[in-house]
Amino acid sequence: APLAALLLMAQSSVWAAEEGTVQVSIPWDAEGEVFNVGPTTMAFLGSLRGIVYVENSTGEMNEGFIICPVVQKIDLNTGETDSTAYCEIATDANSVVYATMTCQGKPGGCDGEFILTAGEGKFAGITGKGKLRIRSPIRALVSDMASGSVLRVGSGLAVITDLNYSIP
């Protein structure tokens, strides 16, 4: 959605119904704490921050800023993960998109959905969704950490393909 908003800002200043499909890349950093939540399960509670890069079908690029509180459960035996993040994407002080990222995966990767849930300003009423793939080293980092330890991850990537959006 923030990606769609950026695209729309570049295309037109007219407030009219808009629909489209964009591709999105989000390099991110994360910080939070890890906790034992079962004999072989840890949870990461924290936030990720990054820059959202949106590309439309003609190759035009736009960007915004993203911050998401995130919860990720990690099975230390199998490496399977289950994650949910609630995101705020801002293109300027008055243009904000809200989205939810959910994914399940194995060590190093997580596949799921990126869903646009709401917006403010020119993105009021925005809806949409796309396929999400996250690359993260969190699983490798938490295996030997004590419950309550602080974890900083400096190199993750989220890619959203075929993000379809609609703004009324």
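Report follows, based on the coordinates. (Residues numbered from 1 in each chain as written. Predicted model: local features only at pLDDT ≥ 70, side-chain atom pairs only at ≥ 80, totals over all residues. Heavy atoms only, no water.)

**Remarks on the overall build of the chain**
Broken down by element type, the chain carries two helices and eight strands. If you list the helices and strands of the chain from N to C, you get α-β-β-β-β-β-β-β-α-β. For 168 residues, the compact-globule estimate of 2.2 N^0.38 gives 15 Å, and the chain sits close to it at 17 Å. Counting only C-alpha atoms, the chain reaches 55 × 25 × 25 Å along its principal axes. (Helix = DSSP H or I, 4+ residues; strand = E, 2+ residues; numbered from the N terminus. Rg over C-alpha atoms; globule rule 2.2 N^0.38 Å.)

**Side note on the state of the cysteines**
By definition, a disulfide links two cysteine residues through a covalent bond between their sulfur atoms. Evaluation of the coordinates by the stated rule reveals two disulfides. Shown here is the disulfide that connects Cys68 with Cys87, its sulfur atoms set 2.1 Å apart. In this structure, the disulfide formed by Cys68 and Cys87 twists by about 110 degrees around the S-S bond and is classed as right-handed. Placement of Cys68 in strand E3 (residues 61-75) and of Cys87 in strand E4 (residues 81-92) is noted, with a sequence separation of 19 residues between them. For the residue pair Cys68 and Cys87, the accessibility class agrees, reading buried in each case. Covalently, Cys103 is tied to Cys110 through a disulfide, its sulfur atoms 2.0 Å apart. Since a negative S-S torsion denotes a left-handed disulfide, the Cys103-Cys110 link at about 100 degrees is right-handed. (Disulfide = S-S within 2.5 Å. Buried < 20%, exposed > 50% of the residue type's maximum accessible area, 1.4 Å probe, protein only.)

**Side note on the nonpolar core**
In terms of nonpolar packing, the biggest core is built from 38 residues, with Val24, Met101, Phe114, Leu116, Leu132 and Ile134 touching the most fellow members. If one sorts the elements of this core by residue count, strand E8 (residues 150-167) sits on top with seven residues. (Core = buried A, V, L, I, M, F, W, Y, C linked by side-chain atoms within 4.5 Å.)

**Side note on the pairing of strand E6 (residues 109-120)**
Examined bridge by bridge, strand E5 (residues 95-106) and E6 share eleven bridges and lie antiparallel to one another. Opposite Tyr98, over in E6, you have Ala118 as the bridge partner. The pairing of E6 with strand E7 (residues 127-135) spans eight bridges and is classified as antiparallel. Along E7, the bridge assignment pairs Leu116 with Gly128. Counting the residues in the hairpin turn of E6 and E7 gives six residues, including Gly121, whose phi is positive at 65 degrees. (Pairing = 2+ DSSP bridges.)

**Here's the deal with the environment of Ser155**
Tracing the sequence through the fold places Ser155 in strand E8. Taking the C-alpha atoms as reference points, Ser155 and Pro27, 128 residues apart in sequence, are found 7.2 Å from one another. Contact partners of Ser155, with chain neighbours within four places excluded, come to Trp28, Asp29 and Pro137. (Contact = heavy atoms within 4.5 Å.)

**Some words on empty space enclosed by the protein**
Counted by the stated rule, this structure contains two cavities of 30 Å³ or more. Taken as a whole, the largest cavity spans an internal volume of roughly 160 Å³. If you list the elements that add at least two residues to the lining of the largest cavity, you get strand E1 (18-38), strand E2 (41-55), E3, E4, E5 and E7. When its residues are assigned to classes, the lining of the largest cavity shows eleven nonpolar, five polar and no charged. Taken together, 13 residues line the second largest cavity, and the ones lying closest to its centre are Gln72, Thr81, Gly108, Gly109 and Ser136. Residue assignment for the lining of the second largest cavity shows that the elements contributing at least two residues are E3, E6, E7 and helix H2 (138-142). Within the lining of the second largest cavity, the residues separate by chemical class into five nonpolar, five polar and three charged. (1 Å grid on protein atoms, 1.4 Å probe; cavity = no way out; pocket = protein on both sides within 12 Å on 5 of 7 lines; lining within 4 Å. Points joined across faces, edges and corners; volume = space filled by probe spheres on them. Nonpolar A, V, L, I, M, F, W, Y, C, P; charged D, E, K, R; others polar.)

Any functional reading would require information that these geometric values do not contain.
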